[in-house]
Amino acid sequence: MKPMSNFEKKFGKYAIRNISLVLILFYGCGYLITWINADFLNYLTLNPYAILFKGQIWRLITWLIIPPGRFDFWTLFMLFFYYSIGNTLENTWGTYRYNLYLFLGMIFTALGAFALMGYVYLFQREILIAYGAAAYFADIATMFSTYYVNMSIFLAFAATFPNMQLLLFFFIPIKVKILGIIYGILLVYDFIVGYVDRYVTAANRFVIGASLLNFIVFFFTSRNMIHMSPRQVKRRQEFKREVKQSAKITRHKCAVCGRTEETNPELEFRFCSKCDGNYEYCQDHLFTHVHVKHQ
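Residues numbered from 1 in each chain as written. Predicted model: local features only at pLDDT ≥ 70, side-chain atom pairs only at ≥ 80, totals over all residues. Heavy atoms only, no water.

**Some points on the pattern of salt bridges**
Within the structure shown, the criterion is met by two salt bridges. For R270, the salt bridge goes to E268, with nearest N and O atoms at 3.5 Å. The exposure class of E268 is partly exposed, given its relative accessible area of 47%. (Salt bridge = Lys/Arg side-chain N within 4 Å of Asp/Glu carboxyl O. Buried < 20%, exposed > 50% of the residue type's maximum accessible area, 1.4 Å probe, protein only.)

Laid out in structure tokens, this is it:
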């Protein structure tokens, strides 16, 4: 496991625990809106044209609640599946790194929408003339969702636990890495071949490339920390619990008043060089205590 970076030490405490459940709750809000007024979702999509030219900046956040598809039993099963593997990754990598992985996927997706807009204005202006910029980007915006971000969670899971077995169709045992390879091939095919409409194909490539860029970054920067077995994960969790319990043991304690860095974190503690023995005092008693002298 990589040591903590300075950024993680400073901002790791703000990481969202059980973020996979948060995403599912977002989807729940999206499905609820769909049942009440499906057309309203058009005001929540990641539409770069509406953001830049109409000032609808809320779309930078609200696109996260766009559900991945129609609500049925298969969707419910897939959401539960991604929740399970997401929690496993969070327990393995740590809350901070898992948060970072997901947020990078979301940020790259948002940047991909604006990159697509720039590409269309530079190289495909004829479609803007034919259909109108507002109409085109309103249609394309529905393609930018967390669907491929969720797929990146599965790819990361396959890279971290390549030899774990899953039951395909509930009865065919297959290793996760095989499913990951198959899915990767399908993604490459979808990226290269795309759709009959070349304008939709361009948008699809930006969606896939941007949404999965976080996995590419993860794979090439974390190869030394992947390939863990479930038993290793369990040992890591037990170790983290032991470290957390041992961290509660105070390291500094004033020999006069008994205050510690746990009870009074604002205090500074120093050892007295004039006392016989290792006696430590807080800043209030460092210069006022009676020196300990052994006869």
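There is more to say after this.
**Looking at the packing of aromatic side chains**
Under the defined criterion, the tally for this structure stands at 20 aromatic pairs. Here Y31 and F71 contribute two aromatic rings whose centre-to-centre distance is 5.1 Å and whose plane-to-plane angle is 70°, an arrangement assigned as edge-to-face. Here Y31, found in helix α2 (residues 19-37), pairs with F71, found in the loop between α4 (59-62) and α5 (73-93); they are 40 residues apart in sequence, far enough to count as distant. Residue classification places Y31 among the buried residues on the basis of a relative accessible area of 4%. Both rings, one in F81 and one in F154, keep their centres 6.2 Å apart while their planes meet at 45°; by these two values the pair is tilted. Residue F81 is found in helix α5, and its partner F154 is found in helix α9 (residues 147-160); the two are separated by 73 residues along the sequence. Taking relative accessible area as the criterion, F81 reaches 19% and is therefore assigned buried. Among the aromatic residues, those joined into a ring-pair cluster are Y49, F53, Y121, Y136 and F137. (Phe/Tyr/Trp six-rings, centres within 6.5 Å; stacked < 30°, edge-to-face > 60°. Helix = DSSP H or I, 4+ residues; strand = E, 2+ residues; numbered from the N terminus.)

**Focus on α5**
Its 21 residues give α5 an end-to-end C-alpha distance of 30 Å, which sits within 8% of 30 Å, the value for a rise of 1.5 Å per residue. Those residues of α5 that fall on the buried side of the exposure criterion are T75, L79, F81, Y82, I85, G86, N87, L89, E90, T92 and W93. Where α5 starts, the residue carrying a side-chain oxygen 3.2 Å from the main-chain nitrogen of W74 turns out to be D72. Positive phi shows up at G94, right after α5, with a value of about 105°. (Expected span 1.5 Å × (residues − 1). Polar contact = N/O pair within 3.5 Å; in protein donor to acceptor, adjacent residues only side chain to side chain.)

**Here we look at the nonpolar core**
In this structure, L89, L102, F137 and Y148 are the most contacted members of the largest nonpolar core, which totals 51 residues. Among the elements that make up this core, the one with the highest residue count is α9 (10 residues). Excluding residues within four positions of it along the chain, F137 makes contact with N47, P48, Y49, M117, V120, Y121 and L128. Of all hydrophobic cores here, the second largest spans eight residues; its members include L267, C272, C275 and C282. (Core = buried A, V, L, I, M, F, W, Y, C linked by side-chain atoms within 4.5 Å. Contact = heavy atoms within 4.5 Å.)

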